[in-house]
Amino acid sequence: MLIVNKLANMEMFVRVVESGSFAAAAEASRVSATMVAKHINDIEQRLGARLLHRTTRRQQLSDVGRLYYERCKHVLAEVELAEASASELQATPRGQLRVIAPVSFGSHILVPALSDYMARYPEISIELTLDNRRPQLVDGGFELGIHIGDINEQGIVARPLRPYRRILAASASYLDRHGQPGHPEQLSTHDCLGPSYWRRFDQWLFVGPAGTTCQVTVRSRFTANQGNALRIAALNGAGIVLQPEAVLADDLAAGRLIPVLPEWSLSPSPMYLIYAQDARPTAKLRSAIDFLLARLNA
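Under an unreviewed UniProt entry, the name given to the protein chain is LysR family transcriptional regulator, and the organism recorded is Dyella flagellata. Quoted verbatim from the Sequence similarities (unreviewed entry) field of the UniProt record, the comment on the protein chain reads "Belongs to the LysR transcriptional regulatory family."

K.L.:
Before we move on, could you go through the overall build of the protein chain and cite the residues and values that matter?
P.N.:
Scanning the protein chain from terminus to terminus reveals ten helices and 15 strands. Projected onto its principal axes, the C-alpha positions of the protein chain cover 100 × 35 × 30 Å. Taken over 298 residues, the protein chain has a buried fraction of 39%. Here the analysis covers contacts within the protein chain between residues at least 6 apart in sequence; of these, 73% occur between residues at least 24 apart. A total accessible area of about 16,200 Å² is found for the protein chain, and carbon and sulfur atoms account for 50% of it. Considering the protein chain, the positive charge centre built from 32 side chains and the negative charge centre built from 29 side chains are found 4 Å apart.

K.L.:
How would you summarise the sheet that holds strand 5 (residues 144-148) if you had to cite specific residues and measurements?
P.N.:
One key point about sheets: their strands pair by backbone hydrogen bonds, in either a parallel or an antiparallel sense. Strand order in this open sheet of five strands is 4-3-5-15-6, and the pairing throughout is mixed. Pairing within the sheet leaves two strands with one partner each, and these edge strands are strand 4 (124-130) and strand 6 (156-164). Averaged over neighbouring strand pairs, the angle between their axes works out to 20° when direction is ignored. Summarising the sheet, strand 3 (residues 95-101) and strand 5 pair through two bridges and their orientation is parallel. Looking at the pairing, Val99 lines up with Leu144 of strand 5.

K.L.:
Would you mind going over the pattern of salt bridges in detail, with residue names and values included?
P.N.:
Enumeration according to the criterion identifies 15 salt bridges in this entry. The shortest N-O distance in the salt bridge between Lys284 and Glu143 comes to 2.9 Å. Within this pair, whereas Lys284 is found in helix 10 (residues 283-296), its partner Glu143 is found in the loop between helix 6 (137-140) and strand 5, the two being separated by 141 residues in sequence. We classify Lys284 as buried; its relative accessible area is 12%. When its relative accessible area of 23% is taken as the criterion, Glu143 is described as partly exposed. Residues Asp251 and Arg231 are paired through a salt bridge, measuring 2.5 Å at the closest nitrogen-oxygen approach. Here Arg231 lies in helix 8 (residues 227-235) and Asp251 lies in helix 9 (residues 245-254), a separation of 20 residues in the sequence. Bridged by salt links that share partners, the residues Asp191, Arg219 and Arg221 form one connected network.

Calculation notes
- Residue numbers here run from 1 along each chain, matching the order of that chain's written sequence.
- At least 70 in pLDDT is required for a residue's local features to be given in this predicted model, at least 80 for side-chain atom pairs to be given and counted, and no such filter applies to totals for whole chains, interfaces and linings, which use all residues.
- For the side-chain quantities, the full set of heavy atoms in the structure was used; hydrogens and water were omitted.
- UniProt positions are given in the numbering used here, feature names are shortened, and annotations may be inferred rather than shown by experiment.
- We count a stretch as a helix when DSSP gives it H or I for four or more residues in a row; a strand needs E for two or more, and each element gets its number in order from the N terminus.
- Each residue is assigned to one of three classes by its accessible area relative to the maximum for its type, calculated with a 1.4 Å probe on protein chains only: buried under 20%, partly exposed between the two thresholds, exposed over 50%.
- When checking whether two residues touch, look at their non-hydrogen atoms; a contact exists if any pair is within 4.5 Å.
- Method for areas: the Shrake-Rupley scheme with a 1.4 Å probe, in which residue coverage is limited to the protein chains shown.
- Note on charges: Lys and Arg go in the positive column, Asp and Glu in the negative column, and His and the chain ends are not counted at all.
- A charge is said to be at NZ when it belongs to Lys, at CZ for Arg, at CG for Asp and at CD for Glu.
- For two strands to be treated as a pair, DSSP must find at least two bridges joining them.
- Working convention: axes come from line fits to C-alpha atoms, limited for helices to the stretch in contact. Angles between N-to-C directions cover 0 to 180 degrees.
- Criterion for a salt bridge: a side-chain nitrogen of Lys or Arg within 4 Å of a carboxyl oxygen of Asp or Glu.

Pasting the structure below:
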């Protein structure tokens, strides 16, 4: 029997059970009671079991019928969900999207991307939260997030982005006073400006030419939980700053900061676009995921 006929049988059986009689199911379906009976008989013949005990006054589910009824409801709900999801995916993205991201990445990289996303979809609005703590999507009510670092969480979909790369820079005034280091090990004698939210903010692991690695214990007289604060400190000659390329790009291009150990960078961190597992992604969420994956991996 064709699947479509089986689904029609299931739908009629559920209607009979929930309406209480063949006559009521026939009226709701706008077919004859004979047609309703045919649907039920088709199922019973296929299964080789009686689903309903019928008398002149009432009908009662058999044990097989009760189990079949529950399974039919589940199957029909999944079919309805699949059709609704397909329709939703073709709909115009609209509504508010709540996003959470680390401070520096969110400010310098994600905000321009989200601005372009809103320009493409005028019916979308964004609420962005910047926080360097591990993003809590479900508990925080966020639909989408950026996670930097390893991730192993249940119920979360993690789509890989380009690894997050951090570089070193300092002002000319600082380098004039303290000199340009020639190797990461020499950073231990410099004033280094690092993130205070790192668990071991004084331990920097670098990757250099041909994959060479070097771990250095640095001295951080000034730390901050926000990358722009560290950048400003570096511009004022307070030390060597370690920040993402995107945060320092304009200052390096303008000569306000000078690259330090350009062949070395902090060991890149994996980065992911994350969202909760959802059987029915909205047009809003799907469009944002597709847009950001293309933009942030370009």
